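What the coordinates show
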Amino acid sequence: MSDVLTVQGLTVTVRDKTLVSEVDLTVGPGERVGLIGESGSGKSLTALSVLGLLPEDVVASGSVRLTGVDHDLIGADERRMSRVRGRELAMVFQEPMTALNPTMRIGDQIAEAMLIHRTRPGRGAARSAALELLERVQLPSDLMRAYPHQLSGGQRQRIVLALALANDPALLICDEPSTALDVTVQALVLDLIVKGVVARSSALLFITHDLAVVATVCERVLVMYGGRVVESGPVGEVFTNPRHRYTQGLLAASDLDTADRRLPTIRGNVPAAGQFPSGCVFRTRCPHATDICAGTPEWTGPVADGFACHHPAEPVSSPRLPAGGAHA
Ligand SMILES: Nc1ncnc2c1ncn2[C@@H]1O[C@H](COP(=O)(O)OP(=O)(O)OP(=O)(O)O)[C@@H](O)[C@H]1O
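Residues numbered from 1 in each chain as written. Predicted model: local features only at pLDDT ≥ 70, side-chain atom pairs only at ≥ 80, totals over all residues.

- Under the annotation held in an unreviewed UniProt entry, the protein chain carries the name ABC transporter ATP-binding protein and is attributed to Kribbella capetownensis.
- What UniProt records for the protein chain under Subcellular location (unreviewed entry) is the sentence "Cell membrane". (UniProt positions renumbered as here; feature names shortened; annotations may be inferred.)

The structure is reproduced here in structure tokens:
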């Protein structure tokens, strides 16, 4: 199947200064890709180029193609981009208030997102879908009538996520979505992002400077340095065997324990077979657990022991997962 996002030779300049240089990047269907790098390495400008949201004096060249969209996103006018944003392409930024209308009730905002793109047949259907989305991001239904200022930061970010997922986007771009949040809320928001994209088979481009977050959320990672992509590969491979000096430095400076070639406890979705080195301890969640699977939704153990989910309709099994083991 062809990629959801294909970025080729993306270069971003301001006046005569090059800020992002010749970036190539792809995200496959349902794939979760991380973009990491130090502050100022060009991560956000790369995302903003894809979204067509660069500041006026900043110019992007190259090519950005998105599945289901018949034109290049680079150079597309605002009228075309506003049809794509919130539909095929959705985003969650660090500061939720910038994405919310302070004068509109939460329920109306979510319903409006669906009505604008005509993904629901009418106001009634859009409101029921909005209620369902609230439930999906674990918020009570009475927040439908609330205004953004009445919510906590974590609740607002979950509303932004509900908005982003409202039209089942082909690609969700998250730029430091949990950085401004309290640590306990961070884990919940990350979990909801992963569940949200997995449930819709949406692809994810996830920007962060936090390597542990990438290890939790993503399957593949690209490392940016000085406006260029300097390294990329499966998360387990890049984090355990970094080739570029910058990635090696990034890992050495992080909390990730690479000394014995082990990753810290990983929490998230079922990793693909071979994604983590044998013996790495991780804590995982059956992708069906919250919806249909009975029994313990989470499971902790070494990768070597394997993992299998005996979901009645859609069991998860080898070769996607290591053989052996069972999820009660
Ligand atoms: N509007 C602008 N005009 C001039 N330079 C800019 C502009 N926006 C960003 N830059 C510069 O481009 C470089 C890349 O910025 P970018 O925001 O993409 O970095 P980043 O990797 O996302 O960093 P952070 O993790 O701090 O958000 C930085 O040196 C930044 O100062």
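Let us keep going from here.
**With respect to the site of the ligand**
- Close to the ligand lie 13 residues; Ser39, Gly40, Lys43, Ser44 and Leu45 are nearest.
- Here the shell around the ligand gets three residues from one element, more than from any other, and that element is helix 1 (residues 43-51).
- By residue class, the composition of the shell around the ligand is five nonpolar, seven polar and one charged. (Near = placed C-beta within 6 Å. Helix = DSSP H or I, 4+ residues; strand = E, 2+ residues; numbered from the N terminus. Nonpolar A, V, L, I, M, F, W, Y, C, P; charged D, E, K, R; others polar.)

**Section: unusual backbone geometry**
- The phi dihedral of Arg15 falls on the positive side, at around 50°, and the residue is not glycine.
- At Gln138, a position not held by glycine, the phi torsion is positive, near 60°.
- Topologically, Gln138 is positioned in the loop between helix 4 (123-136) and helix 5 (153-165).

**Side note on the packing of helix 5 against helix 6 (residues 183-200)**
- Where helix 5 meets helix 6, the axes come as close as 10 Å, and the angle between the chain directions of the two elements is 10°. Taken as axis vectors, helix 5 and helix 6 run roughly parallel relative to one another. Judged by residue contacts, Gly154, Gln157, Arg158, Leu161 and Leu165 of helix 5 engage Val185, Val189, Leu192, Ile193, Gly196 and Arg200 from helix 6.
- Residue composition of the contact of helix 5 with helix 6, by class: six nonpolar, three polar and two charged. (Axes fitted to C-alpha atoms, helices over the stretch in contact; angles between N-to-C directions. Parallel < 35°, antiparallel > 145°, perpendicular 65-115°, else oblique. Contact = placed C-beta atoms within 7 Å.)

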